[in-house]
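# Breakdown of the fold
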Amino acid sequence: MELENAKNTIKKAAEKLNLSKETLDIILNTEREVKVNFPVQMDDGTQKIFTGYRIQHNSLLGPYKGGIRYHPEVNLNEVSALSIWMTIKTATLNLPLGGGKGGVICNPKELSEQEIENLTRGFIKKIAPVIGPHKDIPAPDVYTNSKIMDIIVDEYSKTEGIPIEKAKAVVTGKSIENGGSLGRDTATARGGQFVLKQAIEQTKIIPTLENATIAIQGIGNAGGNFAKLISKDNAKIIAISDSKGAIHNPKGLNINKVLEHKKQTGSVMNTPDTICMTNEQLLELDCDVLVPAALANQITEKNADKIKAKIILELANGPTTPEADKILEEKNKLILPDILTNAGGVTVSYYEWFQNINQEKWTAEKVDEKLKEKMQNATKEILDKKEKYQTTTRIAAYVNAIERLSRKLEN
Ligand code: NAD
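The rules behind the values
- Residues numbered from 1 in each chain as written.
- Predicted model: local features only at pLDDT ≥ 70, side-chain atom pairs only at ≥ 80, totals over all residues.
- Heavy atoms only, no water.
- Pairing = 2+ DSSP bridges.
- Helix = DSSP H or I, 4+ residues; strand = E, 2+ residues; numbered from the N terminus.
- Axes fitted to C-alpha atoms, helices over the stretch in contact; angles between N-to-C directions.
- Near = heavy atom within 4 Å.
- Polar contact = N/O pair within 3.5 Å; in protein donor to acceptor, adjacent residues only side chain to side chain.
- Areas by Shrake-Rupley, 256 points an atom, 1.4 Å probe, with all protein chains shown as cover.
- Nonpolar A, V, L, I, M, F, W, Y, C, P; charged D, E, K, R; others polar.
- Salt bridge = Lys/Arg side-chain N within 4 Å of Asp/Glu carboxyl O.
- Buried < 20%, exposed > 50% of the residue type's maximum accessible area, 1.4 Å probe, protein only.
- Right-handed = clockwise from strand over helix to strand, strands pointing away.
- Domains from an automatic or database assignment.
- Buried area = accessible area lost by both parts, 1.4 Å probe.
- Contact = heavy atoms within 4.5 Å.
- Disulfide = S-S within 2.5 Å.
- Parallel < 35°, antiparallel > 145°, perpendicular 65-115°, else oblique.
- Expected span 1.5 Å × (residues − 1).

As a further point, take the sheet that holds strand β3 (residues 64–71). The strand order across the open sheet formed by 5 strands is β1-β2-β4-β3-β5, and the pairing between neighbours is mixed. Taken across any chain shown, the strands that pair with only one partner, and hence form the sheet edges, are β1 (32–41) and β5 (136–140). The sheet shows a mean angle of 25 degrees between the axes of neighbouring strands, taken without regard to direction.

Shown next, in the form of structure tokens:
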């Protein structure tokens with residue numbers, strides 16, 4: 001995620017709204033940037049200094065919210081861009097939350113479990129004064145998980161001297177035993193499914209999800225769960241892929257058999273009754289809905305005019321480049337943008353925080369029902385704004401979010 005890309009999209013949306021320079025400046029700038037250096041005890045008995053960031057972009061709508069990543073390439077520019085993106089995302093979903101993001105420069109693949117725990121505790125000790133259940137609520141991101149979130153609760157409780165029960169709402173994405181929410185693991189896919197159904201109903205670009213032909217790039221948490229969910233809606237998944245390549249069957253794949261084959265062989269490739277192809281060929285298949293659910297920058301100016309799908313459902317972050325966006329819009333394709341489509345995760349994170357604060361435990365059905373309503377409303381608002389401002393769905397999503405932020409500034 002490029003900082004300039006994020007800012008440019010905000011500027012385009014601001015033009016549509018005739019936003020004042022003062023309001024735009026507030027939205028473009030981060031409120032607080034924290035950089036910390038801290039010592040970590042290593043397994044070989046030495047001590048090493050690590051560097052981490054917590055960027056708090058905007059709190060107009062509520063406490064900052066956003067993940068913490070552990071990666072060698074973590075840097076201020078990227079974390080800032082991702083924090084802006086979180087502000088827009090929470091506003092898109094009308095959640096009472098702001099945007100933040102954090103990270104530690106490290107290679108988790110080279111660290112033992114104990115070293116990762118020590119690193120997490122060292123980082124949290126340093127950022128404890130600026131996070132908290134009503135200040136800033138981190139979550140998992142690249143190479144961080146529920147186990148690390150549970151350690152954060154423990155360390156925050158010790159550092160701040162508050163009981164564990166009260167400390168739980170400082171992060172989301174915890175294990176279920178430690179205050180995590182049911183439905184969080186499938187929330188991103190579920191959210192995408194609700195967005196797609198609402199968009200089909202509202203635009204009538206295709207008649208129904210039932211029998212619609214779908215190609216999915218990626219079969220991980222997002223793509224795999226999405227495939228399972230839409231199979232139950234009787235959609236016809238004609239292709240799916242992983243990093244080794246794609247498989248295709250124009251009559252439809254049996255997703256359970258594909259997942260079983262991947263479990264046994266490590267890849268979807270060569271699943272019986274399928275044709276193998278490349279990930280690039282999958283993107284260009286003749287289908288109703290294309291679902292990029294793996295990596296960024298997959299649909300570019302090189303392949304955008306070969307995309308035949310009528311709807312592009314962006315479950316991955318940033319799968320379409322700005323140049324490709326233009327080409328697809330000219331071809332009248334409906335892009336359901338990442339900022340909306342994959343926001344099911346942050347929405348259920350908000351429900352986790354709400355349950356922790358109010359000492360409640362919701363059933364999976366209740367989480368699902370609430371998620372459905374949120375995702376449907378956000379999709380409807382954005383498609384309405386697309387019409388009103390005669391713009392792309394992506395800009396319409398930003399317009400919707402920025403309107404919410406600027407209203408708060410004016411009141
Ligand atoms: P994951 O690691 O579970 O799965 C990634 C999938 O991508 C795997 O199937 C992998 O085989 C496939 N892949 C890797 N390299 C590929 C390549 N070169 N070509 C095709 N496929 C390739 O990750 P995930 O959690 O499913 O995330 C996927 C995307 O969705 C990312 O962009 C992520 O940022 C986004 N996303 C995920 C969540 C979530 O809650 N999981 C939330 C928001 C956004």
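Let's shift gears to the site of the ligand. As a matter of local geometry, the ligand sits amid 17 residues, with Thr188, Ile219, Asn221, Ala222 and Asn317 nearest to it. Note that an oxygen atom of the ligand is positioned 2.9 Å from one of the backbone N or O atoms of Ile219. Here an oxygen atom of the ligand sits 2.9 Å away from a polar atom, N or O, in the main chain of Asn221. Relative to its unbound accessible area of 820 Å², the ligand is 67% covered by the protein chains. Tallied by class, residues from the shell around the ligand come to 7 nonpolar, 9 polar and 1 charged.

Turning our attention to the pattern of salt bridges. Scanning the model with the defined rule gives 24 salt bridges in all. For the salt bridge of Lys21 with Asp25, the shortest nitrogen-to-oxygen distance reads 2.7 Å. Separated by 4 residues within a single helix, Lys21 and Asp25 lie in helix α2 (residues 21–28), roughly one turn from each other. Note on Asp25: relative accessible area 30%, which makes it partly exposed. One salt bridge connects Asp154 with Arg121, and the closest N-O pair in it is separated by 3.0 Å. Here Asp154, found in helix α5 (residues 146–160), pairs with Arg121, found in helix α4 (residues 113–127); they are 33 residues apart in sequence, far enough to count as distant.

Quick look at the pairing of β3 now. The buried fraction of β3 is high, at 7 of 8 residues. With 5 bridges connecting them, β3 and β5 associate as parallel partners. Along β5, the bridge assignment pairs Tyr64 with Asp136. Direction of pairing for β3 relative to strand β4 (residues 99–105): parallel, over a ladder of 4 bridges. Bridging from a neighbouring strand, Tyr70 pairs with Val104 of β4. Handedness of the crossover joining β3 and β4 through helix α3 (residues 76–92) is recorded here as right-handed.

Right, let's talk about the sheet that holds strand β6 (residues 213–217) for a bit. Taking strand neighbours across the sheet as the criterion, the 7 strands line up as β9-β8-β7-β6-β10-β11-β12 in an open arrangement whose pairing is mixed. Either end of the sheet is taken by a strand with one partner, and the two such strands are β9 (275–277) and β12 (334–336). For this sheet, the mean angle separating the axes of adjacent strands, direction not counted, is 20 degrees. When strand β7 (residues 236–242) meets strand β8 (residues 245–248), the two strands line up antiparallel, connected through 4 bridges. Each bridged residue has a counterpart across the sheet, and for Ser241 the counterpart in β8 is Ala246.

Turning to the domain arrangement of the chain, a few remarks are in order. Buried accessible area, meaning the area lost when the parts come together, often serves as the stated size of an interface. According to the domain assignment, the chain consists of domain 1 (31–177) and domain 2 (187–341). Domain 1 and domain 2 are separated by 31 Å when their C-alpha centres are compared. Summed over both partners, the interface of domain 1 with domain 2 buries about 420 Å², with 72% contributed by carbon and sulfur atoms. For the domain 1 face of the interface with domain 2, the top three residues by lost area are Trp85, Lys89 and Thr92, together amounting to 81%. Scanning the region where domain 1 abuts domain 2 turns up 0 salt bridges.

With that settled, consider the environment of Lys236. Positionally, Lys236 belongs in strand β7. For Lys236, a relative accessible area of 31% translates into the label partly exposed. Between the C-alpha atom of Lys236 and that of Arg184, which follows or precedes it by 52 residues, the distance is 26 Å. The residues contacting Lys236, other than those within four sequence positions of it, are Asn211, Ala212, Thr213, Ile214, Pro250, Lys251 and Gly252.

Applying the stated criterion across every chain yields a total of 0 disulfides. Cys287 takes part in no disulfide bond, and the closest cysteine sulfur to it belongs to Cys276, at a distance of 18 Å.

Structurally, Gly173 is set in the loop between α6 (164–167) and α7 (187–203). Linking Gly173 and Asp368, residues 195 residues apart in sequence, is a C-alpha distance of 16 Å. Once residues lying within four places of it in the same chain are set aside, the contact partners of Gly173 are Pro140, Asn145, Ser146, Met149 and Glu352.

The contact between helix α1 (residues 3–17) and helix α15 (residues 393–410) brings their axes to 9 Å, and the two run at 75 degrees. In terms of orientation, α1 lies roughly perpendicular with respect to α15. Across the interface between the two elements, Ala6, Thr9, Ile10, Lys12, Ala13, Lys16 and Leu17 of α1 pack against Ile395, Tyr398, Val399, Ile402 and Glu403 of α15.

With 14 residues, helix α13 (residues 344–357) extends 20 Å between its outermost C-alpha atoms, agreeing within 8% with the 20 Å of an ideal straight helix rising 1.5 Å per residue. Counted residue by residue, α13 has 12 buried out of 14 residues, so it is predominantly covered. Residues of α13 that are buried: Gly344, Gly345, Val346, Thr347, Val348, Ser349, Tyr350, Tyr351, Glu352, Trp353, Gln355 and Asn356. At its buried positions, α13 is contacted by β3, α3, β5, α7 and α14 (364–389). Positioned one or two residues after α13, Gln359 has a phi angle of 50 degrees, which is positive.

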